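Survey of secondary and tertiary structure
Below are the chains, spelled out letter by letter.
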Amino acid sequence: MLLDRGAVVQLFEKYSVRFGGAPIDAAEPTHEQISAVSQSLEIPPAPYVDLGLFGPLWKTVVGPLGLRSTRVGTDGAGSRKEISGPGDFQTWWTAWKVLSTTFVLLDQIDREKLDSYAEHIRALSIRYAKGGTDTWAMVYAADVRMRRERFERLRRMLELGTASITGYDSARPWNSVFAAAINDRDFWDDEVKSPCLLNLTQVQTASEVMDDGTAQPDLSPSSPAPRPKRQKTGGGSPQLSQPSPKNRARGPKACPAH
C-alpha cells in the first residue's frame, strides 16, 4: 500500500531542513520504495530489503541482479553457483545509498549508523580479497543473513538488556540494532572470516582442478626437487643411485670385445 503523497512530500521537506538539501539523484528513493520500506518497518521480524532488487531506477531493472559464487569443497573441487544479489561491493553500495536514504527519510535509523555498517561491509570485502580470489559472495551472504535473520535476535537481546549496546529506544529499535550488528564479532568471524580463510587456503591447492577459466595462480612455494631413487645392492642396505659425472661425459660405454 502506497503512503499518501502529501506524507512523502513532508518527509523530503524534513530531510532538506535537517541536511540542508534534498538527497542526490543516485540516492533518492521512489514513492514506491519509501512505502515498501515503511511497511517492512511495521512488520516483524526485521526490515529486510533485497539489494539485488532495490536500488536507483529500480523500475527499469528487468530482473534481479545475480552473482557467481565459487566454493571449494573438502575434496579440492571447485563449484560455481549463481545466486541473487549485487555482483560486487560497488553495486551493493549503489543500492545501499538508496536504502539508507529511505531509512533516514522515515527517521528510523541515524545516518551515522548506516554509514558505519556500510563501511564495515566494505572493509570485509577488501580484507579477504587476497591472492586474486573474489570472496565478495561470502561477504554478501553474511550481510543478507545479518539483516534478514540476525537482526531480530539482536533486537531481542537489546530489549532484554543482554547486549553490549546501551541507549536502546523502543520507538527506533533498528537504530541500536545496526550498531549492535557491527559489534557482533562472533557472527562475522563465523560467517565471513572463517569461511573466507578456508576458501582462500583451499583455492591455492585446488587451482589445477578448476579448469573453467577461473582458476587462480598457484601461490604455494615452489615444489622441492625430486629425491634420487634408491636401488638395492646385493644384500646390503638401499643405496642412493648417483650417476657418475665421468660416465656422463664419455657417453655410452662400449661393449667388451670377445
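Note that the structure is a prediction, hence the values are computed from the model and not measured.

**A short note on the overall build of the protein chain**
What the protein chain contains, in helices and strands, is eight helices and four strands. Taken from the N to the C terminus, the helices and strands of the protein chain come in the order α-α-β-β-α-α-α-α-α-β-β-α. Within the span of the protein chain, comprising 258 residues, buried residues form 36% of the whole. In the protein chain, once contacts between residues fewer than 6 apart in sequence are set aside, the share between residues at least 24 apart is 64%. Put simply, the protein chain shows about 16000 Å² of open surface, and 53% of that area lies on carbon and sulfur atoms.

**So, the side chain of Asp-143**
Take Asp-143: it is sitting in helix α5 (residues 136-160). Classification of Asp-143 as buried rests on a relative accessible area of 0%. At a separation of 3.0 Å, a polar atom in the side chain of Asp-143 contacts the side chain of Trp-92. Those residues in contact with Asp-143, other than ones at most four positions away along the chain, are Trp-92, Tyr-117, Ile-121 and Trp-188.

**Digging into the environment of Ser-40**
Relative to the helices and strands, Ser-40 resides in helix α2 (residues 31-42). Not counting residues within four places of it along the chain, the set of residues in contact with Ser-40 comprises Ala-46 and Pro-47.

Reading the values: the criteria
Numbers given to residues run from 1 along each chain, matching the order in which its sequence is written. With the structure being a predicted model, the display of local features is reserved for residues of pLDDT at least 70 and the display and counting of side-chain atom pairs for 80 or more, all residues being used for whole-chain, interface and lining totals. Excluding hydrogens and water, the side-chain values take into account all heavy atoms of the structure. A run of DSSP states H or I qualifies as a helix once it reaches four residues; a run of E qualifies as a strand once it reaches two. Both are numbered from the N-terminal end. Buried residues are those whose accessible area, probed at 1.4 Å on protein chains only, stays under 20% of the maximum for their type, while exposed residues exceed 50% and partly exposed ones sit between those limits. Residue contacts follow a heavy-atom distance rule, with two residues in contact if any of their heavy atoms lie within 4.5 Å. What sets the accessible areas is the Shrake-Rupley method with a 1.4 Å probe; for residues, cover comes only from the shown protein chains. We call two N or O atoms a polar contact when they sit within 3.5 Å, provided that within protein one can donate a hydrogen and the other can accept it, with sequence-adjacent residues counted only if both atoms are side-chain atoms.

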